Amino acid sequence: GEAFVLGYDLFQCRPEQLYCHLALVLQDTYLFPGTIRENLIAGNRNISLEQLENACKKAKIWEWICKLPKGLDTTLSEFSSNISGGQKQRLSIARAICRHPEILIFDDSFSALDYKTDRVLRDTLRKTCADATRFIVAQRIGTIRDADKIIVLDDGKIAGMGKHNELMETCEVYRQIAYSQLSKEELA
């Protein structure tokens, strides 16, 4: 009857007690009207330029920002229509990292990235955000296959739980999804 996160009883605490400890990156990203810098510091107005740059490097977006004529001061158009979906997602990931949260939640937020960028970004986050708990909600097996624990949902119910190799042996739902997305060689 109890669920605790960071020592807070989820059924007794106020939501704002938890919000300052977590960052959420959604599949359908929303960037605020304004500059890239304003979007990135939205969750941490006291961040230094060096920390901002490091967050962008972790999110694999810094190189792109540096190529823009106005860099961090580039204005995003309404609905960020002047940048790609992958750039929006990487900016949202950088914004989340800028908060230095204890918990990072990625809700299918790697889906607009190509497979290589997805992999490189997740490897970087694993190394550089190791002190944060990371939850990844994903439909792509490639995105979650290296997770410490994978929970497979089927029609809202848990169909399996474990590591990739365990689930390939024990969970028919996971196996079907895996084979529909990747070849046997890729899954080996």
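Going by the structure above, here's the rest.
Trainee: Let's hear about the packing of helix α5 (residues 85-98) against helix α6 (residues 115-128): which residues, and what values?
Mentor: It is at 13 Å that the axes of α5 and α6 come closest, and there the two elements cross at 5°. In terms of their interaxial angle, α5 and α6 are classed as roughly parallel. Facing Arg90, Ile93 and Ile97 of α5, the residues of α6 in contact are Thr117, Leu121 and Leu125.

Trainee: Give me a nonpolar patch on the surface: which residues, what numbers.
Mentor: A cluster of nonpolar side chains, namely Ile151, Leu153, Ile158 and Met161, defines an oily patch on the protein surface of about 410 Å² accessible area. Inspection of the secondary structure puts Leu153 in strand β8 (residues 150-154). Owing to a relative accessible area of 56%, Leu153 belongs among the exposed residues under this scheme.

Trainee: For the pattern of salt bridges, give the residues involved together with the corresponding values.
Mentor: According to the stated counting rule, one finds 10 salt bridges in the structure shown. Here Asp118 ties to Arg122 by a salt bridge, and the two come within 2.4 Å at their closest N and O atoms. One end of the pair, Asp118, and the other, Arg122, are both in helix α6, four residues apart, so they sit about a helical turn from each other. A relative accessible area of 1% means that Asp118 is categorised as buried. Classification of Arg122 by relative accessible area gives buried; the value is 10%. Across the salt bridge formed by Arg119 and Asp146, the nearest N and O atoms sit 2.3 Å from each other. Here the residue Arg119 occupies a position in helix α6, and Asp146 occupies one in the loop between α7 (141-144) and β8, the gap between them amounting to 27 residues. The network of salt bridges with common partners includes Arg119, Asp123, Arg126 and Asp146.

Trainee: Mind laying out the side chain of Asn44, listing which residues take part and the relevant values?
Mentor: Summarising the element assignment, Asn44 is placed in the loop between α2 (36-40) and α3 (49-58). For Asn44, the side chain forms a polar contact with the main-chain oxygen of Cys98, separated by 2.9 Å. Residues contacting Asn44, with those up to four places away along its chain left out, are Cys98, Arg99 and His100.

Trainee: Give me the packing of aromatic side chains: which residues, what numbers.
Mentor: Tallied over the entire structure, the rule returns two aromatic pairs. When the centroid spacing of 5.5 Å and the interplanar angle of 85° are considered together, the rings of Tyr30 and Phe32 count as edge-to-face. For Tyr30, a relative accessible area of 46% gives the class partly exposed. In this structure Phe32 comes out as partly exposed when scored by relative accessible area, which is 38%. Ring centres 5.2 Å apart and planes at 45° place the aromatic pair Phe106 and Phe110 in the tilted group. Here Phe110 falls in the buried class, since its relative accessible area comes to 2%. The residue whose ring lies beneath Arg140 is Tyr115, and the NZ or CZ to ring-centre distance is 4.4 Å.

About the cut-offs
- Residues numbered from 1 in each chain as written.
- Predicted model: local features only at pLDDT ≥ 70, side-chain atom pairs only at ≥ 80, totals over all residues.
- Heavy atoms only, no water.
- Axes fitted to C-alpha atoms, helices over the stretch in contact; angles between N-to-C directions.
- Helix = DSSP H or I, 4+ residues; strand = E, 2+ residues; numbered from the N terminus.
- Parallel < 35°, antiparallel > 145°, perpendicular 65-115°, else oblique.
- Contact = heavy atoms within 4.5 Å.
- Patch = residues over 30% accessible without salt bridge, like charges linked within 9 Å, V, L, I, M, F, W, Y side chains within 5 Å.
- Areas by Shrake-Rupley, 256 points an atom, 1.4 Å probe, with all protein chains shown as cover.
- Salt bridge = Lys/Arg side-chain N within 4 Å of Asp/Glu carboxyl O.
- Buried < 20%, exposed > 50% of the residue type's maximum accessible area, 1.4 Å probe, protein only.
- Polar contact = N/O pair within 3.5 Å; in protein donor to acceptor, adjacent residues only side chain to side chain.
- Phe/Tyr/Trp six-rings, centres within 6.5 Å; stacked < 30°, edge-to-face > 60°.
- Lys NZ or Arg CZ within 6 Å of the ring centre and 35° of its normal.

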